Amino acid sequence: MLPKRYDHLLTGGKYYQKWREAGFFEPTFDVKKKPYSLVLPPPNITGKLHLGHALDTTVQDAIVRYKRLAGYDVLWVPGMDHAGIATQAKVMQKLKDEGQDISKITREAFLKAAWSWKDVYAEEIKKQWEFLNASLSHRFLRFTLDSELNQVVNQVFKEYYEAGLIYQGERIINWDPALKTAISNMEVIRKDVEAKFYYLKYYLEDRSAFVVIATTRPETCFADVALVAHPKDQRYLKYQGKNFVNPTNQEVIPLIFDDYVDPSFGTGMMKCTPAHDQNDYNLGIKYHLAMPNCMNKDGTINALGHKYQGLDRFIAREQLISDLIALDLVVKVENIKHNLGFSERSGAVIEPYLSKQWFLKMRPLAENAIKHRRDLKWIPAKYEKIFLNWMNNAEDWCISRQLWWGHQIPVYYHRETEAVVVSETPLDPKFYYQDPDVLDTWFSSALWPFSTLGWPKIPSHLARYFPLDIQVSAYDIIFFWISRMIFSSLYFTKEVPFRNVFIHGIFRDASGRKMNKSLGNGIDPVVVINTYGLDALRLFLLSSVSPGIDFRYSDDKLKEANNFLNKFWNVARYILDLTSAVNLSLIPTTFSFINQAFLSKLSDFEKKYFKNFDKYQIHLSSKYLISFVYEVFSSEYLEFSKVLLLSKDEKLGAETKWVLLYALKTILRLIYPLTPDVAETIYVEIPGHLNSIMEESYQPFIALKRTSKSIKKYELLNHFISEIRSFKATSNLPPNAAFKMRVSETKLEPEFLEVLKRFTFAKEVILEEDIKEQPLVTFVKGEVEISLFGDGNFALKAELLKQLTILEQEIKRGEGMLNNANFLAKAPLEKVNLEKNKLIKYQEELTKVRNILKQFD
RNA sequence: GGAUGUUUAGCUCAGCUGGGAGAGCAUCGCCUUUACACGGCGGGGGUCGGGAGUUCAAACCUCUCAACAUCCACCA
């Protein structure tokens, strides 16, 4: 017996362990079933649960729950990501907080601390999955640093290397001086900031004249190797062949000409510092310039800076400038808005920095991915264009990181010869030492779909579950992750990693701003779930998850979801009270037109729900379900059924109870992927239920014949009810105002008249007979006319004129279409006939209304 | 600079293959009808951003203008 009010505390979180222990979450390997597989985007072991996780996880959970009931053997691989930089920073902070001297810590000691951090957070994440009711296949749990996955990473590295796709090189990379590691350009956040533009004097060697160079980073001047001007710039051509003196270190540098320089920007002349700027580096390569580096890895100035050595880059900048001002070498200092890169992780200003790193060559991999673009479907389709655009422009990926936490690069150097050997297994440390760097976190994530399925050692798992059926993700990691999985998988398995990519938006706050830490506008899902319940949150998420569109948090919508669940709860409670004795397997042989029509509507809705779910239009399926329950199930049918149950016809009563229970069970199965806890709680109250709703399936229970005749009559009944209700409301009558009613059609079923009577509060219903008195109002629909009689002075004529106007408008519209020769000639016959039939019907109704109106003349 | 979107009721947003403009909230009116007041019934409210085109037919396809948003690449 269910309590009167839905309360999420009654349902939330009650079944997870039970379901899990019963093995419902694990794949069955049942060859009679079609496999269906996906991987959870592995959360970082740094992390706190946020609404984005709730969304992403819920979408996947709804899909897998749906697919299981639809008869698939489902594998949903859970996992966690070591999240190199992020975790290392947090573990270091923790050690620091514990009073340890970070500068003295050894790699081994650090890794020990990091692994115990991982153990703690792994448990935390598992709790979060339970909290979100994520029906993951726990037996497949993986961690990106597992030794099996490390083997895969080493193998992949070696194969790439041997194919010439991984190479080592001195390049300008994005250097994070706080974390002392290279990062990829995607991990650089660009922001416009206030900066200063310093105009410095570079004198000719003979000090007869000077040119002015503007720079935002004067501290890099210690590494200047040339000045550059545009080859057609008349201002500077006269200095061709001359040398200039670097004001910061008095070194003599040449002037060169290259059309890279924009004469209209700044002073039209720039300094070339190849080790500290990408474009300068390009020039350095082109003109074979030296590439001195004036900065240490922690962002302090090195020996090239002479007296500034050891100072932080920003302090050195200030001191240098004040010294140069004292020497009259600064023309002016200008305030400008400048676009600067910051590290996504540490927030430090990124230093473009010449450094030896490992790179993955993107061109061939990208082209391969572009070639196979038809093998996977993006939902929504626009992301395919975005993906292709990125692939077309992808630059080589810097994959090495100067960190400890991650997959150490499987490259060994000979201690004497420095010969480079790539090896999947460690080499004898007597002769070799391993590259100390680790790989970018995303390098191992890129292999996730096939590495977690046992590639290359468990071909049976791969054969059955790979490629995955779907990958669900927010759009913000398309380039970090989705793209990289695609090209990695195509290279190593010759297949796309997944057939479908479902891209959803990100969460915004109620006023549309992105949620982030510094704004403090984040919303804690734990609070939301404790307030409204997980199932209300899920229903809100799933009915709003329009592919690719951002979410706006809304308390109103959560309340709405909660109200819906209360509604459904009460529908269920009412039906369960009535139907404890019903045996669903005893199917009635015939049905009243109301039951018949309702069953048809139910089946139409079910088809629509499946069709949209199969296309991953989950929000449409959810919305259809909500409106079916509100409008058709509870508002119409449930109310009609009350009349049927009052009938003295026992068969009709029994049949109606059967339909009520059948409908409840059908809807429970459909709502289950959306709100599993509520569904299970109600399900186990159903007579003849199985152990769990998870043992149910979407196999059709009965074969229904669609009867358009029943549906028409049902709609006719509905039409009159709402016409009469509307008449009362607009005539300022209370809804329960009672009238005598005349119905012109004598062949209507008794239940038609009973329902009509109850819902219009008619005192009595008279069939056909002449009634001398003038009706208050008459309604016409198809063959049937209904008139109300009683006291009062209501504007029948006005009511009829209103109907007349509507009919005339409809007829005008129909005639307009049908008098159009082009429409008749070119529109499909089906559409033309439809319009013809409607026109005839409206014309008949018009005649009737006109006849009634004649009585007033 | 390159790319991709968005613009529909007061607000937040649906709208599938081109075939009579929808929901929730808000608003107004009525109703304690025994599943539910976290409820029921009824109403008002829209030039589908502007313009042009294709089509028998356009919120939907094409072009164009405008505003807004996101991503990528960015000048010393």
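Each chain has its residues counted from 1, running along the sequence as written. Chain letters and ligand numbers both follow the written order, the letters beginning at A and the numbers at 1. Given that the model is predicted, a residue must reach a pLDDT of at least 70 before its local features are reported, and side-chain atom pairs must reach 80 or more before they are shown or counted; all residues, however, enter totals for whole chains, interfaces and linings. Excluded from the side-chain calculation are hydrogens and water; included are all heavy atoms of the structure.

So what's going on with the overall build of chain A? Which residues, and what values?
In terms of helices and strands, chain A carries 27 helices and 29 strands. We take the radius of gyration over the C-alpha atoms and set the globule estimate at 2.2 Å times the residue count to the 0.38 power. Relative to a compact globule of 857 residues, whose C-alpha radius of gyration would be 29 Å, chain A shows 37 Å and is clearly more extended. In terms of principal-axis extent, the alpha carbons of chain A reach across some 125 × 65 × 55 Å. The proportion of buried residues among the 857 residues of chain A is 54%. Contacts: residue pairs with any heavy atoms within 4.5 Å of one another. Taking as baseline every contact in chain A between residues at least 6 positions apart, the subset at least 24 positions apart corresponds to 76%. Counting only carbon and sulfur atoms, one obtains 52% of the accessible surface of chain A, whose full area is about 39400 Å². Only four residue types enter the charge count: Lys and Arg as positive, Asp and Glu as negative, with His and the chain ends excluded. By convention, charge coordinates are those of NZ in Lys, CZ in Arg, CG in Asp, or CD in Glu. Averaging the locations of the 111 positively and 104 negatively charged side chains of chain A gives two centres separated by 3 Å. In DSSP terms, a helix is any run of H or I states spanning at least four residues, a strand is any run of E spanning at least two, and both are numbered starting from the N terminus. Working definition: with a 1.4 Å probe on protein chains only, accessible area under 20% of the residue-type maximum means buried, over 50% means exposed, and in between means partly exposed. Here, Shrake-Rupley sampling with a 1.4 Å probe gives the accessible areas, and only protein chains in the shown set may cover a residue.

Please provide a residue-by-residue account of the sheet that holds strand 6 (residues 181–183), values included.
Two strands qualify as a pair provided that DSSP identifies no fewer than 2 bridges between them. With antiparallel pairing, four strands are arranged side by side in an open sheet as 6-5-14-16. What marks the edges here is a single partner per strand, and that holds for strand 6 and strand 16 (397–398).

Describe the packing of helix 11 (residues 382–393) against helix 15 (residues 478–493), naming the residues involved and giving the relevant values.
Think of each axis as a best-fit line through the C-alpha atoms, taken over the contacting stretch in the case of a helix, with angles from 0 to 180 degrees between the N-to-C directions. Two numbers describe how helix 11 lies on helix 15: the axes approach to 11 Å, and their chain directions differ by 80°. Between helix 11 and helix 15, the interaxial angle falls into the category roughly perpendicular. Here Tyr383, Ile386, Phe387, Trp390 and Met391 of helix 11 lie close against helix 15, whose contacting residues are Ile478, Phe479, Ser483, Ile486 and Phe487. When its residues are assigned to classes, the contact of helix 11 with helix 15 shows nine nonpolar, one polar and no charged. Every angle not falling under 35 degrees, over 145, or within 65 to 115 is termed oblique; those three ranges are roughly parallel, roughly antiparallel and roughly perpendicular. Throughout this entry, Asp, Glu, Lys and Arg are counted as charged residues, while Ala, Val, Leu, Ile, Met, Phe, Trp, Tyr, Cys and Pro are counted as nonpolar. The remaining residues, Gly among them, count as polar.

I'd like a rundown of the sheet that holds strand 29 (residues 784–789), residues and numbers included.
Here four strands make up an open sheet; going across it, the order is 27-26-29-28 and the pairing mixed. Because the sheet does not close on itself, it has two edges, and the strands there are strand 27 (764–767) and strand 28 (777–781). Between one strand axis and the next, the sheet turns by 20° as a mean value, whatever way the strands run. As defined by bridge partners, strand 26 (residues 740–743) adjoins strand 29 across four bridges and the pair is classed as antiparallel. Along strand 29, the bridge assignment pairs Val743 with Ile786. Of the strands in this sheet, strand 26, strand 28 and strand 29 are in contact with helix 23 (residues 708–730), which crosses strand 28 at around 150°. Packing of helix 27 (residues 829–854) onto the sheet brings it into contact with strand 28 and strand 29, and relative to strand 28 it is tilted by some 160°.

Quick rundown of the pairing of strand 27? Include the residues and the values.
The pairing of strand 26 with strand 27 spans four bridges and is parallel. Paired with Lys740 across the two strands is Glu764, which belongs to strand 27. Viewed with both strands pointing away, a crossover whose connecting path from the first strand over the helix to the second turns clockwise is right-handed. Regarding topology, helix 24 (residues 750–760) serves as the crossover connection from strand 26 to the parallel strand 27, and that connection is right-handed.

If you had to explain the environment of Pro436 to someone new, which residues and values would you point to?
Locating Pro436 in the fold gives a position in the loop between strand 20 (432–434) and strand 21 (438–439). Assessed through its relative accessible area of 43%, Pro436 is described here as partly exposed. Setting aside residues up to four positions removed in sequence, Pro436 forms contacts with Arg107, Leu403 and Gln408.

Hey, could you go over the side chain of Arg68 for me, with residue numbers and the actual values?
Mapped onto the elements of the fold, Arg68 is located in helix 3 (residues 51–69). Buried Arg68, no salt bridge; nearest opposite-charge side chain is Asp61, N-O distance 5.4 Å. Sequence-distant contacts of Arg68, that is, excluding residues within four places in its chain, are made with Phe24, Phe25, Val74, Ser135 and Met694. What counts as a salt bridge is simple: a side-chain nitrogen of Lys or Arg found within 4 Å of a carboxyl oxygen of Asp or Glu.

Tell me about the protein's contact with RNA strand B, and name the residues and values.
Contacts to RNA strand B come from 62 residues, most closely from His338, Glu560, Ser635, Glu810 and Lys826. Summary of the distance rule: residues count as near a molecule or strand when at least one heavy atom falls within 4 Å of that molecule or strand. By atom count, sugar and phosphate contribute 59% of the portion of RNA strand B lying within 4 Å of the protein. In this structure, a phosphate oxygen belonging to RNA strand B sits 3.5 Å away from a side-chain N or O atom of Ser726. Contributions of two or more residues to the surface near RNA strand B are made by strand 13 (330–343), helix 11, helix 18 (555–578), helix 20 (618–646), helix 23, helix 25 (796–818), helix 26 (821–826) and helix 27. Here the element with the most residues in the surface near RNA strand B is helix 18; it accounts for 11 residues. Throughout this description, a polar contact denotes any pair of N or O atoms lying within 3.5 Å of each other; where both atoms belong to protein, one of them has to be capable of donating a hydrogen while the other can accept it, and for residues adjacent in sequence the pair is counted only when both atoms sit in side chains.

Report on the pattern of salt bridges, specifying residues and quantitative values.
Evaluation of the coordinates by the stated rule reveals 38 salt bridges. For the salt bridge of Arg813 with Glu835, the shortest nitrogen-to-oxygen distance reads 3.3 Å. Of this pair, Arg813 sits in helix 25 while Glu835 sits in helix 27, and the two are 22 residues apart along the sequence. Residue class for Arg813 comes out partly exposed when judged on its relative accessible area of 43%. In this structure, the salt-bridge partner of Lys831 is Glu835, at a minimum N-O distance of 3.6 Å. Pair noted here: Lys831 and Glu835 are both in helix 27, with a separation of four residues, about one helical turn. For Lys831, a relative accessible area of 34% translates into the label partly exposed. A single salt-bridge network, built from bridges that share partners, covers Arg813, Lys831, Glu835 and Lys838.

Can you break down the environment of Phe502 residue by residue, with the values?
Considering the arrangement of structural elements, one finds Phe502 in strand 23 (residues 498–504). The spatial distance from the C-alpha of Phe502 to the C-alpha of Pro380 is 7.1 Å, given a sequence separation of 122 residues. If sequence neighbours within four positions are ignored, Phe502 has contacts with Val59, Ile379, Ile470, Gln471, Val472, Ser473, Val545, Pro547 and Tyr616.

Provide a residue-level description of the nonpolar core, including the pertinent values.
Side chains that are nonpolar tend, in soluble globular proteins, to be buried together. To define a nonpolar core, start from buried Ala, Val, Leu, Ile, Met, Phe, Trp, Tyr and Cys residues and group those joined through side-chain atoms within 4.5 Å. In terms of nonpolar packing, the biggest core is built from 160 residues, with Phe633 and Leu668 touching the most fellow members. Excluding residues within four positions of it along the chain, Phe633 makes contact with Val571, Ile575, Phe598, Phe628, Leu638, Leu660, Ala663, Leu664 and Ile667. Among the nonpolar cores identified, the runner-up in size contains 59 residues, and Val77, Phe140, Ala369 and Val422 belong to it.

Lay out the side chain of Ser37 with the relevant residues and their values.
Among the structural elements, Ser37 can be located in strand 1 (residues 34–39). There is a polar contact of 2.6 Å between the side chain of Ser37 and the backbone oxygen of Tyr465. Not counting chain neighbours up to four residues away, the residues in contact with Ser37 comprise Leu75, Tyr465, Pro467, Leu468, Asp469 and Ile470.

How would you explain the packing of aromatic side chains if you had to name every residue and give the values?
Stacked, edge-to-face and tilted labels apply to pairs of Phe, Tyr and Trp rings (six-membered ring for Trp) whose centres lie within 6.5 Å, assigned for plane angles under 30 degrees, over 60, and everything in between, in that order. Following the criterion strictly, the structure yields 55 aromatic pairs and no others. Centre to centre, the rings of Phe605 and Tyr609 are 6.1 Å apart; their planes meet at 65°, and the pair counts as edge-to-face. Of the two residues, Phe605 and Tyr609 both sit in helix 19 (residues 593–614), four residues apart, roughly one turn of that helix. Residue classification places Phe605 among the buried positions, given a relative accessible area of 5%. One aromatic cluster is present, built from ring pairs that chain together Tyr66, Phe598, Phe605, Tyr609, Phe610, Phe613, Phe628, Phe633, Tyr637 and Tyr698. A cation over a ring is seen here: Arg484 above Trp397, with NZ or CZ 3.8 Å from the ring centre. Each ring is checked for a lysine NZ or an arginine CZ that lies within 6 Å of its centre and within 35 degrees of its normal; such an atom marks a charge sitting over the ring.

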